[in-house]
Amino acid sequence: MIDISHRDTVQPFTSMKHFPKIDLHRHLEGSVEPETLLTIASKWGGKLPAYELEALRPHIQMTPEQRGFTVFLSKFSVFRGLYTCREAIEYAVCCAVQAAAADNVKYLELRYSPSHFAAQGRFCERDVAHWIHVAMQRTALSCGIIVVPLLTISRDYGFELASSTVDMALSMPDDYFMGLDIAGNELENPADPFAVLFEKFRARGRGLSIHAGEVSSHAHVRQAVVQFGARRIGHGISAAKDPNLMCLLRDRDVLLEICLTSNVHTEAVPCIREHPVCDLARNGVACCLNTDDPAISAITLSHEYELAVAELGCSEAFLHEMNRVALRHAFHPDQAWLQKKIGHYWQ
Ligand SMILES: [Zn+2]
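Now for a quick tour of the structure. What you see is a predicted model; the values in this text were computed from it and never measured. (Residues numbered from 1 in each chain as written. Predicted model: local features only at pLDDT ≥ 70, side-chain atom pairs only at ≥ 80, totals over all residues. Heavy atoms only, no water.)

**Considering the layout of surface pockets**
The gaps left among the atoms become clear once a water-sized probe is rolled over them. Taken as a whole, the largest pocket holds about 530 Å³ of empty space. Per element, the largest residue contribution to the lining of the largest pocket is 4 residues, and it comes from helix α3 (residues 69-74). The residue inventory of the lining of the largest pocket, partitioned by class, reads 8 nonpolar, 11 polar and 6 charged. (1 Å grid on protein atoms, 1.4 Å probe; cavity = no way out; pocket = protein on both sides within 12 Å on 5 of 7 lines; lining within 4 Å. Points joined across faces, edges and corners; volume = space filled by probe spheres on them. Helix = DSSP H or I, 4+ residues; strand = E, 2+ residues; numbered from the N terminus. Nonpolar A, V, L, I, M, F, W, Y, C, P; charged D, E, K, R; others polar.)

**Regarding the coordination of the zinc ion**
Within the protein, the zinc ion binds to H25 (NE2), H27 (NE2), H211 (NE2) and D292 (OD); these donor distances fall in the range 2.1 to 2.2 Å. Considering all 4 donor atoms around the zinc ion, angles at the metal cover 85 to 167 degrees and the coordination shape is irregular. We note that the donor set of the zinc ion lies within a single chain, spaced as H-x1-H-x183-H-x80-D. Here the residue H25 occupies a position in strand β1 (residues 21-27), and D292 occupies one in the loop between β8 (286-289) and α14 (294-297), the gap between them amounting to 267 residues. Just as H25 is buried, D292 falls in that class too. (Donors = N, O, S within 2.8 Å, 3.2 Å for Na, K, Ca; no water. Tetrahedral: all angles 85-135°; square planar, octahedral: opposite > 155°, others 65-115°. Buried < 20%, exposed > 50% of the residue type's maximum accessible area, 1.4 Å probe, protein only.)

**Things to note about the pattern of salt bridges**
Taken as a whole, this structure holds 17 salt bridges when the rule is applied. Two residues, R232 and E109, come together in a salt bridge whose shortest N-O distance is 2.8 Å. Here E109 lies in strand β2 (residues 105-112) and R232 lies in strand β6 (residues 232-235), a separation of 123 residues in the sequence. Just as R232 is buried, E109 falls in that class too. Close ionic contact of D174 with R206 constitutes a salt bridge, the shortest N to O distance being 3.1 Å. Taken as a pair, D174 in the loop between α8 (158-171) and β4 (179-183) and R206 in the loop between α9 (195-203) and β5 (207-212) lie far apart in primary sequence, 32 residues in all. Salt bridges sharing partners connect three or more residues here, namely E109, R111, D181, R232 and E257. (Salt bridge = Lys/Arg side-chain N within 4 Å of Asp/Glu carboxyl O.)

**Thoughts on the packing of aromatic side chains**
Evaluation of the coordinates by the stated rule reveals 11 aromatic pairs. Their ring planes at 75 degrees and their centres at 6.2 Å tell us that Y112 and F117 sit as a pair that is edge-to-face. Looking at F117, the relative accessible area reads 0%, which means it is buried. Judged by centre distance (6.3 Å) and plane angle (40 degrees), the rings of F159 and F194 are tilted. In this pair, F159 sits in helix α8 while F194 sits in the loop between β4 and α9, placing the two residues 35 residues apart along the sequence. When the ring centre of Y305 is taken as origin, the NZ or CZ atom of K21, which lies over that ring, is 5.8 Å away. One Lys or Arg, R206, reaches over the ring of F201 and ends 5.7 Å from the middle of that ring. (Phe/Tyr/Trp six-rings, centres within 6.5 Å; stacked < 30°, edge-to-face > 60°. Lys NZ or Arg CZ within 6 Å of the ring centre and 35° of its normal.)

**Here's the deal with helix α11 (residues 243-251)**
Regarding α11, the residues found buried are L245, M246, L248 and L249. Around the axis of α11, the buried residues are gathered within 160 degrees of arc, so they sit on the same side. Turned more than 90 degrees off the buried face of α11, the exposed positions are P243, N244 and D251. At its buried positions, α11 is contacted by α10 (218-226), β7 (255-258) and α13 (277-282). Positive backbone phi, approximately 55 degrees, marks D253, located one or two places after α11. (Arc of directions from axis to C-beta. Contact = heavy atoms within 4.5 Å.)

**Brief notes about the pairing of β7**
Walk down a regular strand and you will see the side chains alternate between the two sheet faces. Every second residue of β7 is oriented toward a common face, with L255 and E257 on one face and L256 and I258 on the other, all of them buried. In terms of strand pairing, β6 meets β7 through 3 bridges, oriented parallel. Looking across to β7, one finds that I233 is bridged to L256. With 4 bridges joining them, β7 and β8 adopt parallel strand pairing. Bridge pairing in β8 links L255 to A286. (Pairing = 2+ DSSP bridges.)

The following block contains the structure:
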């Protein structure tokens, strides 16, 4: 039995950069730092609301006093206007992968929506997927990190666009998109109409990770698991309110991709200390720590580990366990190879 946390004892601050980490829930769109955006704008053009670093930050990052799901989602609009050429997209990918490697992330699943990067330049999504794949794998190789791309479709832009994106993704080589994610505003746009797309992806042996139960009811988490067959849930923290659902998640070995700071920013939880990750783990629910949108939340994965230790009292044994669990739920197609390659970090 792992000692998950000892919340009542004050933890000394420990930098977690040295700790090898896995991130299964990170959006490429929200991983582009303000410095990268300024470089892109100066080299290749594109519209920004400000061209000086400190003036740009509040447009794309949550400020200390800002909270709310719609505020958080609104930050993404600035990014879309910027990708006017292939080089700009490749540069954004390269910087995002380098930042993860520099933070000692050993395995990263980086999800993205080709539509997001294709919009401004009116590019073909197939071309965008190819550019991103090449830049991602080239950078990963040079930085010594394993990066696996996942496809994100958005609930907010309708079924037609999502459907054509899924068809494009499934026509590409297998390693271009090893899993499917649905993101966007789960309060206004339920996942039901997209069920047929989940099924298409699943039928091809790819993974499903559905954003559910972040700011919405635990019923959405149940639906993602029972109706859509998701092996992993983005956030899913409202499951902590339903003991029966926690049993279901435990019995089906469903992983919750936990993102502490993002959950505070979207007001899914009032503060880190009230985050239910330790309660979920005590109830046998598989959990791992992730960043979600590091550039928008102005965080690194090391920072999230530091919060887990300082605010939730998470033990080092629990941090190791979360990485072992994450590795077991990775969408990488060769689990045996992956275990052999990086499993030793958390033994
Ligand atoms: Zn997310």
